Amino acid sequence: MGTAPGAGAAAVRELEVGGLTFDAAFDSGNCARVERLGEHEFGIWTAPDCVGTSCETNNRTWFHFSVSHATAGRVLTFVVHNMNSQNRLFKHGMRPVWRALPSRPQWERVLHPVVAAGTKAEDNFTIRFRHTIESSETHFFALCYPQPYAETCSRLAHLDALFGLPPASAEIMPPSRLGGGDTAGECDALPRTPQKCEGLEEETRKGGGVGVLTAADGLVEEASVRCASHGLPCRRPPGVYYMRELLVRSLGGRRVDLLTLSGSDGMLEEEEERLEGLFPEGRPRPRLFRDKKVVFVSARVHPGEVPASHVFDGVLSFLLREADPRARRLREAFVFKLCQCAHPVLRNRKRP
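Residues numbered from 1 in each chain as written. Predicted model: local features only at pLDDT ≥ 70, side-chain atom pairs only at ≥ 80, totals over all residues. Heavy atoms only, no water.

Caption draft 1: Up close: the overall build of the chain. When helices and strands are counted, the chain shows six helices and 17 strands. In the chain, which comprises 352 residues, the proportion classed as buried is 52%. Only carbon and sulfur atoms are counted for the fraction: they give 54% of the accessible area of the chain, which is about 15800 Å². (Helix = DSSP H or I, 4+ residues; strand = E, 2+ residues; numbered from the N terminus. Buried < 20%, exposed > 50% of the residue type's maximum accessible area, 1.4 Å probe, protein only. Areas by Shrake-Rupley, 256 points an atom, 1.4 Å probe, with all protein chains shown as cover.)

Caption draft 2: Expanded view of the state of the cysteines. Counted under the stated rule, the structure contains zero disulfides. Lacking any disulfide linkage, Cys153 is separated from the closest cysteine sulfur, that of Cys341, by 9.9 Å. Not part of a disulfide, Cys341 finds its nearest cysteine sulfur in Cys339, a span of 7.4 Å. The exposure class assigned to Cys341 is buried, which follows from its relative accessible area of 1%. (Disulfide = S-S within 2.5 Å.)

Caption draft 3: Just the sheet that holds strand β12 (residues 240-249), in detail. Ordered by their spatial adjacency, four strands build an open sheet running β12-β13-β17-β16, and the pairing between neighbours is mixed. Of all the strands in the sheet, the pair left with one neighbour each is β12 and β16 (293-298). The average undirected angle you get between the axes of adjacent strands in this sheet is 20 degrees. Bridge count between strand β13 (residues 255-263) and strand β17 (residues 334-339): three bridges; the pairing is antiparallel. (Pairing = 2+ DSSP bridges. Axes fitted to C-alpha atoms, helices over the stretch in contact; angles between N-to-C directions.)

Caption draft 4: Geometry of the confidence of the model for the chain. Averaged over every residue, the pLDDT of the chain is 82; residues scoring 70 or more account for 82%. Contacts from residues 1-9, a stretch scored under 50 in pLDDT, to residues over four places away or in other chains number 57 contacts. A low-confidence stretch, residues 347-352 stays under pLDDT 50, and its non-local contacts, those more than four residues away or across chains, total 35 contacts. (pLDDT = per-residue confidence, 0-100. Contact = heavy atoms within 4.5 Å.)

Caption draft 5: Quick peek at the pairing of β13. Across the nine residues of β13, nine count as buried, placing the element largely inside the fold. Burial along β13 is two-sided: the residues Arg255, Asp257, Leu259, Leu261 and Gly263 and Val256, Leu258, Thr260 and Ser262 are all buried. Where β12 meets β13, nine bridges bridge the pair, whose relative direction is antiparallel. Each residue of the ladder has a partner; that of Tyr241, found in β13, is Ser262.

Caption draft 6: Just unusual backbone geometry, in detail. The peptide bond linking Leu101 to Pro102 adopts the cis configuration, its omega dihedral lying at 15 degrees. Inspection of the secondary structure puts Pro102 in the loop between β7 (97-101) and β8 (104-109). Although it is not a glycine, Phe279 adopts a positive phi angle of roughly 55 degrees. Owing to a relative accessible area of 9%, Phe279 belongs among the buried residues under this scheme. Even without being a glycine, Asp291 presents a positive backbone phi close to 60 degrees. Following the sequence through the fold, Asp291 ends up in the loop between β15 (287-289) and β16.

Caption draft 7: Quick look at the pattern of salt bridges. Under the counting rule described, the total for this entry stands at 19 salt bridges. Two residues, Arg128 and Glu41, come together in a salt bridge whose shortest N-O distance is 2.7 Å. With Arg128 in strand β10 (residues 126-132) and Glu41 in strand β4 (residues 41-45), the pair connects residues that are 87 residues apart, well separated along the chain. By relative accessible area, Arg128 is classed as partly exposed at 35%. Judged by relative accessible area, Glu41 falls into the partly exposed class, the value being 23%. Residues Asp257 and Arg255 are paired through a salt bridge, measuring 2.7 Å at the closest nitrogen-oxygen approach. The pair formed by Asp257 and Arg255 is uniform in burial state, with each residue classed as buried. Via salt bridges that share partners, Asp160, Arg244, Arg255, Asp257, Glu281 and Arg283 belong to a single interconnected network. (Salt bridge = Lys/Arg side-chain N within 4 Å of Asp/Glu carboxyl O.)

Structure follows, in structure tokens:
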């Protein structure tokens, strides 16, 4: 449920360039190539979605990479190449974000303005930005605030614990256990006609194996856990009904979860009906409610639409507010069905 990895197997992994170490082999990373352009200037090349598979697209809207071994006070300039043209965003003041791990897990906008160049017609769009390194820690840079799959899973696990639900498995199931053929690539979606994505790494096609864990990857996962409960209640709000279900597995074996949230008033003993092909875990369905309309909210139909996850987080946090009369009235009047990420994609590294 995280941001689109984009680079997939093509992501740089602990690549040394000009005395610095670049990495994008982590959840939501995308940096396929790095070149030194000057003493303190580096070119970054992104990869398209589903790169190297039969599902490869022309979508190149995301970058996310880390830089290690830079000394404090050094000013680095990055020139990001071969993204889809996004001139309008940068003309209106859009700036990439950065953070330093482990001490600064919260993202901030880079201070210096961005210089965008190139056109959509010529397919030569670039952005140039610079940043002053503040410490010897690993610095991360991204197009906008990411939300990796691990962070999404941790946020939902936090809510499960509050409401006394059994832990949900975050396992990425191999395609052989999904009935979707012997291959699956970074083209996951809600149920549709099965298709194969050839050209993935052997370990990914077989659904097993563990890639080498990089230092940057470990920092990203640790920060995801630390940031997961931000904005969520720290105790169970009284009078709130909450249920989490595995709606379906994506083609890559990831969870697509459906949340049911309402007030406990008007709750019936009956459960919602079972739907063929959905809710594969076979757990009890959510309870029915008397005279309440259903509101459906979804985000990230396209995985690169990262800001949608943060809007969704705001909606979810608001609906769970205990003392807010607006949230309470909404829970009394409606049943909310919430799908946080309708298009989770494979990460750059597989776990068993």
